[in-house]
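Close look at the chain arrangement
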Amino acid sequence: SQQGEEDPQALSIQEGENATMNCSYKTSINNLQWYRQNSGRGLVHLILIRSNEREKHSGRLRVTLDTSKKSSSLLITASRAADTASYFCATAFTGGGNKLTFGTGTQLKVEL
Amino acid sequence: NAGVMQNPRHLVRRRGQEARLRCSPMKGHSHVYWYRQLPEEGLKFMVYLQKENIIDESGMPKERFSAEFPKEGPSILRIQQVVRGDSAAYFCASSPEAGNTEAFFGQGTRLTVV
């Protein structure tokens, strides 16, 4: 089955709330990257976390990585309507260079 | 420093025609990756190229699809004799190194086969 499965598939929250998305993968990785995609648009790179890192922050984003469980989470704090988008995790597996394997994504909707 | 540039943004082809998708990587990036995204799905890897070389084409269909990244000019993804199932968004990404760095994506080319 596909590496990089996101959970949940869809998430609807109110503005100001936190949003948490999870990603699981199967093989050994060099890094895991999170991307955002607005409807019909390209991908925007959010954060890269390497296999020897456990947590990373960027503004309102917090990413964790647990290589023993082969899972990662993306937390968006104090969400805004503009955060409405699809969020994908992508893994670069060991020996694969920067070739990325994407999950199916979480559709986040932030309502006013 | 312009980002990854893809053109055209939208492309309509009739069944049996050829589609040519172009990708200019970010300045200083010599590694290019092509991905395909079907509606409501994640991106699927197709091919990885470094200047003049195909490094990994494990995601590329065996027939009708080809890719190149010449010494000069953009990378080209070519689809011959397109069929309706080829309708998708095709994204290109580039990176400065072979591994463990961010990949930056273009806006994609949306191919519609009618």
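Placed above this text is the structure.
Structure report, in brief. (Residues numbered from 1 in each chain as written. Chains lettered and ligands numbered in written order. Predicted model: local features only at pLDDT ≥ 70, side-chain atom pairs only at ≥ 80, totals over all residues. Heavy atoms only, no water.)

Comments concerning the interface of chain B and chain A
If you look at the interface, chain B gives 24 residues, while chain A gives 22 residues. In total, about 1,800 Å² of surface goes out of reach between chain B and chain A, with carbon and sulfur atoms giving 48% of it. Among the residues of chain B in contact with chain A, Leu43(B), Asn100(B) and Phe105(B) are the three that bury the most area, contributing 30% of the side total. Connecting chain B to chain A are one salt bridge. (Contact = heavy atoms within 4.5 Å. Buried area = accessible area lost by both parts, 1.4 Å probe. Salt bridge = Lys/Arg side-chain N within 4 Å of Asp/Glu carboxyl O.)

Observations regarding the nonpolar core
If you look at the biggest cluster of nonpolar residues, it comprises 23 residues, and the most contacted ones within it are Trp34(B), Met46(B), Leu77(B) and Tyr90(B). Apart from residues lying up to four places away in sequence, Met46(B) is in contact with Trp34(B), Tyr35(B), Arg36(B), Asp56(B), Glu57(B), Ser58(B), Gly59(B), Met60(B), Pro61(B), Phe65(B), Leu77(B) and Tyr90(B). Grouped together as the second largest cluster of nonpolar side chains are 21 residues, Ile47(A), Ile49(A), Leu61(A) and Tyr87(A) included. (Core = buried A, V, L, I, M, F, W, Y, C linked by side-chain atoms within 4.5 Å. Buried < 20%, exposed > 50% of the residue type's maximum accessible area, 1.4 Å probe, protein only.)

Notes on the state of the cysteines
All names here are of chain A. A full pass over the atoms with the stated rule returns two disulfides over all chains. Here Cys-23 pairs with Cys-89 through a disulfide, and the sulfurs are 2.0 Å apart. On the S-S bond that ties Cys-23 to Cys-89, the torsion sits near 65°, and the link is right-handed. Of the two residues, Cys-23 sits in strand β3 (residues 19-24) while Cys-89 sits in strand β9 (residues 85-93), which places them 66 residues apart along the sequence. (Disulfide = S-S within 2.5 Å. Helix = DSSP H or I, 4+ residues; strand = E, 2+ residues; numbered from the N terminus.)

Looking at the pairing of β3(A)
Residue and element names in this part refer to chain A. Covered by surrounding structure in β3 are Ala-19, Met-21 and Cys-23 only, the residues Thr-20, Asn-22 and Ser-24 on the alternate face being uncovered. Relative to strand β8 (residues 71-76), β3 is paired through six bridges, and the arrangement is antiparallel. In the sheet register, Thr-20 faces β8, and the bridge partner there is Leu-75. (Pairing = 2+ DSSP bridges.)

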